[in-house]
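For reference, the chains in residue letters:
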Amino acid sequence: MGKSKNNGTNFLVQGSILAVASIISRIIGLVYRIPLNNILGDVGISYYACAFDVYNVILIISSYSLPQAVSKTVSAKAAKGQYRSVYQVLKGALLFALVSGIVASLVVFFGAEFFTGTLLKTPYSVFALKILGPALVVVAVLGVLRGFFQGLGTMMPSAISQIIEQIVNAIISVWAAYVLYRYGTKIGAVLGDTEHYGPAYGAAGGTLGTNLGSVAALIFVLFVFFAYMHVFKRRMKREKGVKVEPFAYTMKILIITIVPVLLSTTVYNISSIIDQSIFKNVALLQGYSENKIDVWWGVFSGKYKLLINVPISIASAMAASCVPTLTMSFAQKDMKKVREQINSAMRFIMVISFPCAIGLAVLGEPICRLLFPGTAQTAPMAGTMMWVGAMAVVFYAMSTLSNGLLQGIDRLKIPVINAAVSLVAHVIVLIILMLFFRMNIYAVIIANMFFAFLMCIMNALAIRKYSGYHQEIHKTFIVPGISSVIMGIITYIVYHGSYAVLKINAVSAMLAILAAVIVYAVVLLLLHGLTEEEIKKFPKGTLIVRVAKKLHLLK
């Protein structure tokens, strides 16, 4: 019983480790994006975002699915004690990563002008995109090693390497953006175009940190890997008379596992580049200036998406943690444990995503004014984007998690089909909103929410069909939702009340955020949204329980 319980909740512990690392990484990312936004401005951020949209799609196609696919395959082999087969999977995955990474790098470098100029109507983004090319090889190899350790049941190498990657990325990106922005401005003065060359070169400097950050993370993971190899080789030596499949067969199984995950993540994430292409081309046809379009996209990608992606990253971490443990439980035909794990993961995500969504809706503009003083003139626009599209946090968190859950119960094709259907519907909605309602950038926000919402519905139906899991409504959605609305009302009152007296945005925003955390925690516990046993599964859960009992919030 004890063992079962540990197995059933281990993914929450490991997921929490990766979630904490993701939060820390996102906070570092948010912190360094503040000076980066102030250096580059909204136009420079538009160039930076354009390069990353192309890079992310190529990364997804070439190797983004590798950690999850390797994790799933390694987990299945390790559960049976087949460590020689695990090692063969690792070698096959590294070969795949090198080949796909090199090909992707060449495509990005030589196709940069087409992607940025012809497709996305942002030609000055070409410098930033070319610099990102080499990172595709490094990230591919890094992904395999992270997936290897995740499949063996430990998230620590992935977690620590994420933080190292972001720290190096932050330092190099800000420094290089500053230096190259000034250099680009000088070149622009010679060429008679300071308005574009400064932001373009600065954006290229910002992308340099991605390369060196991934190299630093790879060095750390390689160090851990070679240190662990002594233990792993002893496990392989203990295997007597175990037949290992031919390398060609292992590659076949690996590719069969990779392709559905690859297709799912590609379709799921390619919407960003499709959105940008449709939005910029239609907006130009409607008579908007290139500069105005770049500013809109810069605010959307540099403020709105940046902030909503912080809580969504927790869902990504939880999904990565769910796959190996669900795979084990599903392989053992322990459907009760599978359903328990699905329920725990969904509860965990909703408890976090609901207050984040409401908090961003209420405090979107004050937070943007606090974080991005260099572009404060566009803070009202960013605040409106948050108000319109904050619920994307809930929908994307749930759809991201449910993708991982379906992959964990060996339904790899379902997320691909659901994502393809959602993508088509999302494009239709986007075009209608832009052409007939002229909603410009807000059309992109609403279409994105619709995409994620449709994914949630279809994935939830598939999970119910193939696992027998019946979604619990009250504690998963209603209690966090009510708690978040109450929190939002109090937060709004605290911010506007304190700002009316103090007239200082930074102090008022911080007071409102502090009030939001306290109010949400208190209301959630008073409404019995979490039990004592569930809280103990969180990091420092025992301490939280002790404090809650002293305050009479738990019995």
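How each quantity is defined
- Residues numbered from 1 in each chain as written.
- Predicted model: local features only at pLDDT ≥ 70, side-chain atom pairs only at ≥ 80, totals over all residues.
- Heavy atoms only, no water.
- Helix = DSSP H or I, 4+ residues; strand = E, 2+ residues; numbered from the N terminus.
- Rg over C-alpha atoms; globule rule 2.2 N^0.38 Å.
- Buried < 20%, exposed > 50% of the residue type's maximum accessible area, 1.4 Å probe, protein only.
- Contact = heavy atoms within 4.5 Å.
- Lys, Arg positive; Asp, Glu negative; His and termini not counted.
- Charge placed at Lys NZ, Arg CZ, Asp CG, Glu CD.
- Phe/Tyr/Trp six-rings, centres within 6.5 Å; stacked < 30°, edge-to-face > 60°.
- pLDDT = per-residue confidence, 0-100.
- Salt bridge = Lys/Arg side-chain N within 4 Å of Asp/Glu carboxyl O.
- Polar contact = N/O pair within 3.5 Å; in protein donor to acceptor, adjacent residues only side chain to side chain.
- Patch = residues over 30% accessible without salt bridge, like charges linked within 9 Å, V, L, I, M, F, W, Y side chains within 5 Å.
- Areas by Shrake-Rupley, 256 points an atom, 1.4 Å probe, with all protein chains shown as cover.
- Arc of directions from axis to C-beta.
- Axes fitted to C-alpha atoms, helices over the stretch in contact; angles between N-to-C directions.
- Left-handed = near helix turned anticlockwise from the far one by under 90°.
- Nonpolar A, V, L, I, M, F, W, Y, C, P; charged D, E, K, R; others polar.
- Expected span 1.5 Å × (residues − 1).
- Bend = angle between axes of the 7 residues up to and from the residue.
- Parallel < 35°, antiparallel > 145°, perpendicular 65-115°, else oblique.

Scanning the chain from N- to C-terminus turns up 19 helices and zero strands. In terms of C-alpha radius of gyration, the chain reaches 24 Å, essentially the compact-globule figure of 24 Å for 555 residues. Projected onto its principal axes, the C-alpha coordinates of the chain cover approximately 75 × 60 × 45 Å. Buried positions account for 57% of the 555 residues belonging to the chain. Contacts spanning at least 24 positions in sequence make up 83% of the contacts within the chain whose residues lie at least 6 apart. Across the chain, the mean location of the 46 positive side-chain charges is 11 Å away from that of the 19 negative side-chain charges.

Take the packing of aromatic side chains next. One pass over the full model with this rule turns up 27 aromatic pairs. Plain terms: the ring middles of Phe 148 and Tyr 228 are 6.4 Å apart, the flat faces sit at 65 degrees to each other, and that makes the pair edge-to-face. Of the two residues, Phe 148 is situated in helix H5 (residues 135-151) and Tyr 228 in helix H7 (residues 194-237); the sequence distance between them amounts to 80 residues. Of the two residues examined, Phe 148 and Tyr 228, each falls in the buried class. With a centroid separation of 6.3 Å and 55 degrees between ring planes, the pair formed by Phe 279 and Trp 296 is classed as tilted. Here Phe 279, found in helix H9 (residues 271-285), pairs with Trp 296, found in helix H10 (residues 290-331); they are 17 residues apart in sequence, far enough to count as distant.

Detailed reading of the predicted coordinates is not advisable wherever pLDDT is low. When pLDDT is averaged across the chain, the result is 86; 92% of the residues are at 70 or more. Taken element by element, the chain is modelled with least confidence in helix H1 (residues 2-64), mean pLDDT 74, and with most confidence in helix H16 (residues 474-502), mean pLDDT 96. Scored below 50 in pLDDT, residues 1-9 makes seven contacts in the model with residues more than four places away or belonging to other chains.

Quick look at the pattern of salt bridges now. Evaluation of the coordinates by the stated rule reveals four salt bridges. Across the pair Glu 113 and Lys 130 runs a salt bridge, and its minimum N-O distance is 3.1 Å. Residue Glu 113 is located in helix H3 (residues 83-119), and its partner Lys 130 is located in helix H4 (residues 126-132); the two are separated by 17 residues in the primary sequence. Judged by relative accessible area, Lys 130 falls into the partly exposed class, the value being 26%.

So, about the environment of Leu 95. Tracing the sequence through the fold places Leu 95 in helix H3. Considering only alpha carbons, one finds Leu 95 and Gly 184, 89 residues apart in sequence, at a separation of 39 Å.

Below, the discussion takes up the side chain of Thr 400. One can find Thr 400 in helix H13 (residues 392-408). A distance of 2.7 Å separates the side chain of Thr 400 from the backbone oxygen of Tyr 396, its partner in a polar contact.

Here we come to a nonpolar patch on the surface. A cluster of nonpolar residues, Ile 473, Ile 478, Ile 482, Val 485, Ile 486, Ile 489, Ile 490, Tyr 492, Ile 493 and Leu 527, forms a patch on the protein surface that exposes about 850 Å² of accessible area. The topology assignment puts Ile 493 in helix H16. The exposure class assigned to Ile 493 is exposed, which follows from its relative accessible area of 53%.

It is worth spelling out helix H19 (residues 541-550) at this point. Among all positions of H19, only Gly 541, Val 545 and Ala 548 are buried. Burial along H19 is one-sided: seen end-on, the buried residues are contained in an arc of 65 degrees. At its buried positions, H19 is contacted by helix H17 (505-526) and helix H18 (532-536). Of the residues trailing H19, His 552 is marked for its positive phi of about 60 degrees.

This part covers the environment of Val 141. Locating Val 141 in the fold gives a position in helix H5. Taking the C-alpha atoms as reference points, Val 141 and Leu 218, 77 residues apart in sequence, are found 7.8 Å from one another. Those residues within four positions of Val 141 in sequence are excluded, and the remaining contacts are Leu 94, Ala 97, Leu 98 and Leu 218.

What follows concerns a positive patch on the surface. A cluster of like positive charges, contributed by Lys 233, Arg 234, Lys 237 and Arg 238, occupies part of the molecular surface. Mapped onto the fold, Lys 233 is located in helix H7. We classify Lys 233 as partly exposed; its relative accessible area is 43%.

The geometry of H13 relative to helix H15 (residues 440-467) is characterised by a closest axis approach of 8 Å and an angle of 35 degrees between their N-to-C directions. You can see that H13 and H15 cross each other, and the crossing is left-handed. Across from Ala 392, Phe 395, Tyr 396, Met 398, Ser 399, Ser 402, Asn 403, Leu 405 and Leu 406 in H13, the residues of H15 making contact are Asn 448, Met 449, Phe 451, Ala 452, Phe 453, Met 455, Cys 456, Asn 459, Ala 462 and Ile 463. Among the residues forming the contact of H13 with H15, the class breakdown is 14 nonpolar, five polar and no charged.

Turning our attention to helix H11 (residues 335-371). Here H11 contains 37 residues, and its C-alpha end-to-end distance of 46 Å is more than 12% below the 54 Å for a straight helix at 1.5 Å per residue. Roughly 70 degrees is the biggest bend found in H11, and it falls at Leu 363, with proline Pro 366 one to four residues downstream. Where burial is concerned, most of H11 is hidden: 26 out of the 37 residues are buried.

Relative to the assigned elements, Ala 200 resides in helix H7. Spatially, the C-alpha atoms of Ala 200 and Ala 128 are 7.3 Å apart, while their sequence positions differ by 72 residues. Once you skip the residues sitting within four places of it in the chain, Ala 200 turns out to touch Tyr 47, Tyr 124 and Phe 127.

What follows deals with unusual backbone geometry. Residues apart from glycine generally show negative phi values, whereas peptide bonds are mostly found in trans. Phi at Lys 121 takes a positive value of approximately 55 degrees, unusual for a residue other than glycine. You can see Lys 121 is positioned in the loop between H3 and H4. Judged by relative accessible area, which is 34%, Lys 121 ranks as partly exposed. Phi angles above zero are rare outside glycine, and Asn 440 is one such case at about 40 degrees. Take Asn 440: it is sitting in helix H15. The class for Asn 440 is buried, based on a relative accessible area of 12%.

Before going further, it helps to spend a moment on the packing of helix H12 (residues 379-389) against H15. In a packed pair of helices, the relevant descriptors are the angle between the two axes and the axis-to-axis distance. Following both chains from N to C, one finds H12 and H15 inclined at 30 degrees, their axes separated by 10 Å at the closest point. One way to sum up the angle between H12 and H15 is to call them roughly parallel. For the crossing formed where H12 meets H15, the hand is right-handed. Every residue of H15 that contacts H12 at Met 381, Thr 384, Met 385, Val 388 and Gly 389 is listed here: Ile 441, Tyr 442, Ile 445, Ile 446 and Met 449.

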